[in-house]
Each structure stands twice: as C-alpha cells, then as structure tokens.
Amino acid sequence: MDLISQIVERAKANKQRIVLPEGTEERTLKAANQILTDNVADLTLIGNPAEIAQLATDFGLGNISKATILDPENNPDYEEYAQLLFELRKSKGMTIKQARELAKNPLYLGCLIIKAGKADGLLAGARNTTGDVLRPALQIIKTTPGISCVSGAMLLLTHAPECGENGLLVMGDVAVTPVPDANQLAQIAVCTAVTAQAVAGIEPRVAMLSFSTKGSAKHEAVDKVTEALKIAKTMAPTLKIDGELQADAALVPRIGQSKAPGSEIAGKANVLIVPCLEVGNIGYKLVERLGHATAIGPILQGIASPVNDLSRGCSIDDVYKMIAITANQAIAAKAQ
C-alpha cells in the first residue's frame, strides 16, 4: 500500500471533523464530495447553502449533502463565536463590534469552530493567501504548547529507495520561517519529527543539516545548527537526532560512517532539517524537478490544532490528500 493510501486508511479508521472555509470553491467542493463518498472524514463546508447546492448540482456532486453546510451570514451560533473571539482578542484591542464582523469571515469562523471544540482541523488556501489562512489560526487556535513558531514540512517520495525510509524523506522548514534562530530551528526539528510520525507513519531519525559535518567547517551558521541540536535534545530527550551533518553524510551510510563515525543518524536519516527557508524551498524543488520526486505539502506544523494551507494552484487531488493529511494530524494531536 502506498503512502497516500495509508494516510487515507488511517483517516477512515478514526474519522475527524475537518472544516473547509472555502465551501463554494470548485476544486474544494469536488474533493469534498470524494472525501464524503470514500468516508474519509466528516466535513463542514462554510458558504451560502443555496450556492453550494446549486454548484453541487452543476458539478454532479451527489454526496455534498452529507456535509454540514454552515452559512456565515445566518449562523445560529454567531453571537457565541463573536463573544469567544472578543474574549480571545480583547487584550489586543479588539472590540466586540470588530469581533462580530470577523465572526462572519469564513477563515475566522472555521478557526472559531475548532476553538469551540466542534471541529478537529481546517484546510483552506485555494482562494486565500497563506497570510490570510494563518492569521486567524494564530489569533484563535494559537501555537502548540512549548512551540512559538509555525513551520512547514514536505513529504518527498523519491526514486532512491536506499535513502530515508525506502525513498521517503520528510523535510522542514520549507514554507514559513525565513531565517530561524537556534531556538526556532530546534522547534522546527521537533515539529517535523512529529509530522513524520503522524502523517508519514515512520519512526523519525532526524538530521540537522549544514555545510559542515561534526566541526569540519567553522562558521556562525554552523554554530546555530549545533546550538539548535542541543535545544532539540532538551525539548525531546527521546528523539533520535544528530547534527551538524552535510546532506550526503545524513543520507549515505558509507559517507555517514566516514564523516560521523558512531552516529546513529548519519547515513540513516529520514527527516532532514534545513538551516533556513531558502535552503528548504530550493532543496525540495530541485529534488522534485531533477529527481522526479513527488512532493506532498507543505504540511503546516506548530499550531495547536491542525490548520493547512493549500496553494492557489492546487488540484482536486491535492485538496483530497491534504484533507486526509489534516485528519491524520488531528488524530495524532488528540493522542498526545
């Protein structure tokens, strides 16, 4: 069974409640219909019920009626959510009037539903920017306890079975924090390990990447990675993690043994933590384009309940996969 099939089966076995704030967006609706057909998750679609019903008819989506349809302009829990938002944000200067306006915004409403305990995760971004998706998530759901930065992991399904977990690698951060400091980099390492376990279903072996292996080069950029390693070990004492390692030392047993003898990670890593967003973004796209790997994500991590951001160029299949991934993250969050 391939990885995506495993992710879907785990979601089916423990159904989660996922909110889709872009309930009238075509790709989202079509993916939602297939999710409901396959019984992968329980869905809440936010949008005008008449418009959603008409679109479902136009597109031939016979199972959309199985979703909960929530009209943001005629929501029976509107005042409850407005008050909840006001209480959460009044110390930041938000007025009740502003809260009432925002409680009708589908992205804010989706996060409020999660905060109220009526849903487990959210997926948006087919129509909205990353900033628009993340802003209400950070204001309402907030970050995971002990984590202060949000990051993004990418699943890389490569054609190199000798690397990672039979060719599967998880890379972070590829999406959010441009230049993490040592503390943030440690958080990214710990969160990416959690994603590897929750979504990829693998036991993480984490390599903190650098252009140096075990002191082979001296530079402040290397110092940041070694400091991050120390912090990560304190945050997660049982996590299998090592650094600083060059990419070849992390992935190739022969090179790992030569450059970092005695390391339990060198040559065996399946989770790669890059020192900055620039490296992560360039790195995964090179692997994807030159190595013909399949890149799945980014999967956002560090938020107390899973919230994921789609590319505005996403396909129906992308939306389907990310709903299943969000469900897997919700299952793992509840198990912690």
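In case you missed it, the structure is sitting above this.
Residues numbered from 1 in each chain as written. Predicted model: local features only at pLDDT ≥ 70, side-chain atom pairs only at ≥ 80, totals over all residues. Heavy atoms only, no water.

**Student:** Honestly, the packing of helix H1 (residues 3–13) against helix H13 (residues 316–335) in this entry has me stumped. Any pointers?
**Tutor:** For any two helices packed against each other, the geometry comes down to the angle between their axes and how far apart the axes lie. The geometry of H1 relative to H13 is characterised by a closest axis approach of 9 Å and an angle of 55° between their N-to-C directions. What the angle tells us is that H1 and H13 run oblique. For the pair H1 and H13, the crossing hand works out as left-handed. Here Ile 4, Ile 7, Val 8, Arg 10 and Ala 11 of H1 come into contact with H13, specifically with Tyr 320, Lys 321, Ala 324, Ile 325, Ala 327, Asn 328 and Ile 331. (Axes fitted to C-alpha atoms, helices over the stretch in contact; angles between N-to-C directions. Helix = DSSP H or I, 4+ residues; strand = E, 2+ residues; numbered from the N terminus. Parallel < 35°, antiparallel > 145°, perpendicular 65-115°, else oblique. Left-handed = near helix turned anticlockwise from the far one by under 90°. Contact = heavy atoms within 4.5 Å.)

**Student:** For this particular structure, what's the right way to read the sheet that holds strand E9 (residues 271–273)?
**Tutor:** Taken together, six strands build an open sheet; the order of strands is E8-E7-E9-E6-E5-E10 and the sheet is mixed. With one partner strand each, in any of the chains shown, strand E8 (240–245) and strand E10 (294–301) form the two edges of the open sheet. Shown here is a sheet whose adjacent strand axes are inclined to one another by a mean of 20°, direction ignored. Sheet analysis places strand E5 (residues 151–157) next to E10, joined by six bridges and oriented antiparallel. (Pairing = 2+ DSSP bridges.)

**Student:** When you look at the packing of aromatic side chains in this model, what are you seeing that I'm missing?
**Tutor:** Describing an aromatic ring pair means giving the distance of the ring centres and the angle of the ring planes. Evaluated as defined, the whole model comprises zero aromatic pairs. Over the ring of Phe 59 we find Lys 30; its NZ or CZ atom is 4.8 Å from the centre of that ring. (Phe/Tyr/Trp six-rings, centres within 6.5 Å; stacked < 30°, edge-to-face > 60°. Lys NZ or Arg CZ within 6 Å of the ring centre and 35° of its normal.)

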